[in-house]
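# Fold and contact review
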Amino acid sequence: VDAAGSRAPEASQPSGVGIQVGAFSSRESAERGWETLTRQTDALSGVRHRVMEGQIDSGTVYRLQAVAGDAAAARALCSTLKSQGIACQVKD
């Protein structure tokens, strides 16, 4: 667990720069959230994703992240998502 309370990604999860697009109460809801987002925008077509487990004051949270190859790509994708009304935050 890192200083922000996030656990390291599981080995099977893609590596890269994460763009957080949601936080959910369960891993299953996060996966459903990804399915919903990919139907809302073509910007996520072909983009990998991961679910990061973390701890907050009220318990466990599952952070849904799109995964970009580098910081510039992550910023560009987040900018595109924001222009379409989808909240996101690049996680360094």
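Refer to the preceding data block for the structure.
Right, let's walk through the structure included here. Predicted, not measured: the structure shown is a model, and the values here were computed from it.

On the basis of which strands lie adjacent, the open sheet formed by 4 strands has the order β2-β3-β1-β4 and antiparallel pairing. Two strands in the sheet have a free side with no partner beyond their single neighbour: β2 (48-56) and β4 (89-91). Each neighbouring strand pair of the sheet contributes to a mean axis angle of 40 degrees, computed without reference to strand direction. Contacting β1 (17-24), β3 (59-68) and β4, helix α2 (residues 71-83) runs over the sheet at an angle of about 40 degrees to β1.

Turning to the nonpolar core, a few remarks are in order. Among the nonpolar cores identified, the biggest contains 18 residues, and Ile19, Val21, Leu44, Leu64 and Leu81 are the most heavily contacted of them. Taken together, the elements giving at least two residues each to this core come down to β1, α1 (27-40), β3 and α2. Among all residues touching Leu44, those that are not within four sequence positions of it are Trp34, Leu37, Thr38, Ala66, Leu77 and Leu81.

This part covers the state of the cysteines. Under the definition given, this model contains 1 disulfide. Two residues, Cys78 and Cys88, share a disulfide whose sulfurs are 2.0 Å apart. Classification of the bridge connecting Cys78 and Cys88 rests on its S-S torsion, roughly 110 degrees, and on that basis the disulfide is right-handed. Placement of Cys78 in helix α2 and of Cys88 in the loop between α2 and β4 is noted, with a sequence separation of 10 residues between them. The pair Cys78 / Cys88 is uniform in exposure class, with both members buried.

Let's shift gears to the side chain of Gln65. Among the structural elements, Gln65 can be located in strand β3. Since its relative accessible area comes to 6%, Gln65 is described here as buried. With residues up to four places along the chain from it excluded, the contact list for Gln65 reads Gly18, Ile19, Gln20, Arg48, His49, Arg50, Met52 and Lys91.

Rules behind the numbers
Residues numbered from 1 in each chain as written. Predicted model: local features only at pLDDT ≥ 70, side-chain atom pairs only at ≥ 80, totals over all residues. Heavy atoms only, no water. Pairing = 2+ DSSP bridges. Helix = DSSP H or I, 4+ residues; strand = E, 2+ residues; numbered from the N terminus. Axes fitted to C-alpha atoms, helices over the stretch in contact; angles between N-to-C directions. Contact = heavy atoms within 4.5 Å. Core = buried A, V, L, I, M, F, W, Y, C linked by side-chain atoms within 4.5 Å. Buried < 20%, exposed > 50% of the residue type's maximum accessible area, 1.4 Å probe, protein only. Disulfide = S-S within 2.5 Å.

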